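Fold and contact review
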Amino acid sequence: MGETMTRRERVLAAMRRQPVDRVPCVVSFNPLYPSQRTCWNFPWPQTATVEERTAYQVDVLGLDQVLEIGTDFTCAAEGVTSRTWKEGGLLHKAYETPAGQLHASVRHNELWAHGDDIPLMSDFNVGHFEKPWIASEQDLECLRHVMQWDSTGRKQGEMKEYYDRLRRLADRYGLAVRGRAGEGLTGAMKMMGAEPLCAMVVENPGLVDAYLEYEHAINVRTIEVLGEWGVEIAGRNGFYETADFYGPAMLERFVGGRLRREAAAARAAGVLSSYTIHTGLMPILDYLAGLTMDTLFGIDTAFHGVDLERVRDRLSAGKSLWIGPSSTYHLWSGPEATREAVCRVFEVFGDRPGFVLSPGVSAHSIMPWESTTAMIDEWKRLAGVA
């Protein structure tokens, strides 16, 4: 059967679990921070524009790419100031707000990726915190001044300019656009640290709830803006919202209802919803099945204990699954392991509505490029791509 759909139509139909002319393949390419790069194996230069990268990924590789846009519509309140300094081998940053000082410190070593700054949210915060951003109700009150919805529209205007550029590019190639919309407990971990947060959900659940509700309100407004702009997909990051840290009852208690309300907000805005879930999913399959997101993205198919048939039987009846070789295991292991993983995923999911081949969670710039091309070649063979 020949191709009868555009790439955008194919991906969106798969997300709706509707018939497609062939299995789509979408690859997230992660360049990593400069401090993480021991080499550069992507075939486009590090300085390539989004237009140049997309041209290669679509015209040369033949992928059904989805373009990504960040969506931070928050800003600090007027009068909030910040400063950074180094002391005792630590990097410090403090915001002065009407509610008091919001302060964090991190171990400043060769593994720190952000130079002389500490972002509010970064994966690197989790492993480097000496003092996290949020440890008390007072800290959260300060955060409300540092990270509040920009009612002036300035941030939306700046980001709309980039979105318009992406939309022109997406329309040229017939691609969908995905906007980021929320992090929940993933973001809380970047604000609070891993161990403190896991203790806090037991010892001070009210603070965790208050933070999540504050962020949830921002997420819903972000989704509404995505709908107004015409973005097709809202992506929610659940990377750390798994059984690696919490049981199903605790996840339901803290984020289940909020996730369903955000999925409902996306439907009301005419936007499809995607939820990143990576490891720690087997103990929470029933919980995940009860969520109402359209798509689960990024499952690590090689993680210890993952049973693909159980994943298929419990989740694929109600959700699109973007699933494929493991970044951590298969892509790093080389072309042969990657080909075998693609064959295995097609064997389990290939005949199910909603299947999109996609590595979990991304191809990195330092990984063997031969693994990525092996994945794409095997997809083309199994999906009948000309």
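The residue numbers shown here count from 1 along each chain, following its written sequence. Reporting in this predicted model follows two pLDDT cut-offs: at least 70 for local features of residues, and 80 or more for side-chain atom pairs to be given and counted; totals over whole chains, interfaces and linings ignore these cut-offs and use all residues. Hydrogens and water are ignored here; the side-chain numbers use all heavy atoms of the structure.

Quick look at the overall build of the protein now. Each helix and strand counted, the protein has 14 helices and 15 strands in total. With the radius of gyration taken over C-alpha atoms, the globule rule is written as 2.2 Å times the number of residues to the power 0.38. Against the compact-globule benchmark of 21 Å for 386 residues, the protein has a radius of gyration of 21 Å, which places it among compact chains. Between buried and exposed lies partly exposed: a residue is buried under 20% and exposed over 50% of the maximum accessible area for its type, with that area taken using a 1.4 Å probe on protein chains only. Relative to its full complement of 386 residues, the protein shows a buried share of 55%. Only the protein chains shown count as cover for residues, and the accessible areas themselves come from Shrake-Rupley with a 1.4 Å probe. Split by element, the accessible area of the protein, about 15,900 Å² in all, is 50% carbon and sulfur. Only DSSP runs of H or I covering at least 4 residues are called helices, and only runs of E covering at least 2 are called strands; the numbering of each starts at the N terminus.

We count a salt bridge whenever a side-chain nitrogen from Lys or Arg sits within 4 Å of a carboxyl oxygen from Asp or Glu. Considering all chains together, one arrives at 35 salt bridges under this definition. With a shortest N-O distance of 2.3 Å, Arg260 and Glu252 are connected by a salt bridge. Looking at Arg260, the relative accessible area reads 25%, which means it is partly exposed. On the basis of relative accessibility, which here comes to 33%, the residue Glu252 falls in the partly exposed class. Residues participating in the shared-partner salt-bridge network are Glu3, Arg10, Asp21, Arg22 and Asp64.

Turning to helix 4 (residues 137-146), a few remarks are in order. Among all positions of helix 4, only Asp139, Leu140, Cys142, Leu143 and Val146 are buried. Buried residues of helix 4 fall within an arc of 160° about the axis and therefore sit on the same side. Directions drawn from the helix axis to the C-beta atoms are what define this arc.

It is worth spelling out the pairing of strand 6 (residues 100-107) at this point. Two strands are said to pair when DSSP picks up at least two bridges between them. Here strand 5 (residues 90-97) runs beside strand 6; their pairing, made up of eight bridges, is antiparallel. Each bridged residue has a counterpart across the sheet, and for His92 the counterpart in strand 6 is Ser105. Linking two consecutive strands that pair antiparallel, namely strand 5 and strand 6, is a turn of two residues. Bridge analysis of strand 6 against strand 7 (residues 129-131) gives two bridges, and the strand direction is antiparallel. When the bridges of strand 7 are listed, Ser105 appears paired with Lys131.

Moving on: the sheet that holds strand 5. Taken in spatial order, the four strands of this open sheet run 4-5-6-7, and their pairing is antiparallel. Either end of the sheet is taken by a strand with one partner, and the two such strands are strand 4 (81-87) and strand 7. Strand-to-strand twist in this sheet, taken as the mean axis angle between neighbours without regard to direction, amounts to 25°. Working rule for contacts: check all heavy atoms of both residues, and any pair within 4.5 Å makes them a contact. Only C-alpha atoms enter the line fits that serve as axes; for helices the fit covers just the stretch in contact. Angles between N-to-C directions range over 0 to 180 degrees. Across the face of the sheet, helix 4 comes into contact with strand 5, strand 6 and strand 7 while running at roughly 95° to strand 6.

Moving on to unusual backbone geometry. Trans is the common state for peptide bonds, and a negative phi is the common state for residues other than glycine. The amide bond that connects Gly360 to the next residue, Val361, takes the cis arrangement and shows omega of 0°. Relative to the elements of secondary structure, Val361 occurs in the loop between strand 14 (355-357) and strand 15 (363-364). Residues other than glycine seldom take positive phi values, yet Arg17 does so here, at roughly 60°. With respect to the helices, strands and loops of the structure, Arg17 is situated in the loop between helix 1 (7-15) and strand 1 (29-30). The residue Leu32 is not glycine, and still its phi comes out positive at about 65°.

Inspection of the secondary structure assignment puts Thr97 in strand 5. Among the residues examined, Thr97 registers a relative accessible area of 11% and is labelled buried. Polar side-chain contacts of Thr97 include one of 3.0 Å to the backbone nitrogen of Ala99. Ignoring anything within four residues of it in the chain, the contact list for Thr97 reads Val80, Cys142, His145 and Val146. Counting of polar contacts relies on pairs of N or O atoms within 3.5 Å, with two restrictions inside protein: one atom must be capable of donating a hydrogen and the other of accepting it, and residues adjacent in sequence are counted only when both atoms are side-chain atoms.

Once that is clear, we can look at the nonpolar core. If you look at the biggest cluster of nonpolar residues, it comprises 109 residues, and the most contacted ones within it are Trp133, Leu185 and Trp379. No other element matches helix 8 (residues 205-229), which puts 11 residues into this core. Residues in contact with Leu185, not counting those within four places in the same chain, are Leu197, Val208, Leu212, Glu241, Tyr246, Leu251, Phe254 and Val255. Formed by 13 residues, the second largest nonpolar core is a distinct cluster that contains Val11, Val26, Ala176 and Leu272. The definition of a nonpolar core used throughout is a set of buried Ala, Val, Leu, Ile, Met, Phe, Trp, Tyr and Cys residues joined through side-chain atoms within 4.5 Å.

Moving on: the environment of Leu207. As for its placement among the helices and strands, Leu207 is situated in helix 8. For Leu207, a relative accessible area of 1% translates into the label buried. Separated by 194 residues in sequence, Leu207 and Ala13 have C-alpha atoms that sit 40 Å apart.

Let's shift gears to the packing of aromatic side chains. Only rings of Phe, Tyr and Trp enter the pairing, Trp through its six-membered ring, and a pair is recorded when the two centres are within 6.5 Å. The plane angle decides the type: under 30 degrees is stacked, over 60 is edge-to-face, the rest tilted. Here the structure, examined in full by the defined rule, presents 19 aromatic pairs. Where Tyr95 meets Trp133, the ring centres are 5.6 Å apart and the plane angle is 50°; that geometry is what we call tilted. One end of the pair, Tyr95, is in strand 5; the other, Trp133, is in the loop between strand 7 and helix 4, and 38 residues separate them in sequence. Across the pair, Trp133 and Tyr95 agree in class, each one buried.

Time to look at the side chain of Lys190. Locating Lys190 in the fold gives a position in helix 6 (residues 184-192). Overall, the relative accessible area of 7% leaves Lys190 in the buried class. Excluding anything up to four places from it in sequence, Lys190 contacts Leu120, Met121, Ser122, Asp123, Asn125, Val126, Phe129, Trp133, Glu183 and Asn237.

With that out of the way, let us pick up the packing of helix 4 against helix 8. Contact pair helix 4 / helix 8: the axes reach a minimum separation of 10 Å and the direction vectors enclose 10°. Of the possible angle classes, the one that applies to helix 4 and helix 8 is roughly parallel. Taking contact as the criterion, the partners of Glu137, Leu140, Leu143 and Arg144 in helix 4 are, on helix 8, Leu207, Ala210, Tyr211 and Tyr214. Broken down by class, the residue content of the contact of helix 4 with helix 8 amounts to six nonpolar, no polar and two charged. An angle counts as roughly parallel when it lies under 35 degrees, as roughly antiparallel when it exceeds 145, as roughly perpendicular when it falls between 65 and 115, and as oblique in every other case. Each residue gets one of three labels, nonpolar for Ala, Val, Leu, Ile, Met, Phe, Trp, Tyr, Cys and Pro, charged for Asp, Glu, Lys and Arg, and polar for the others, Gly among them.

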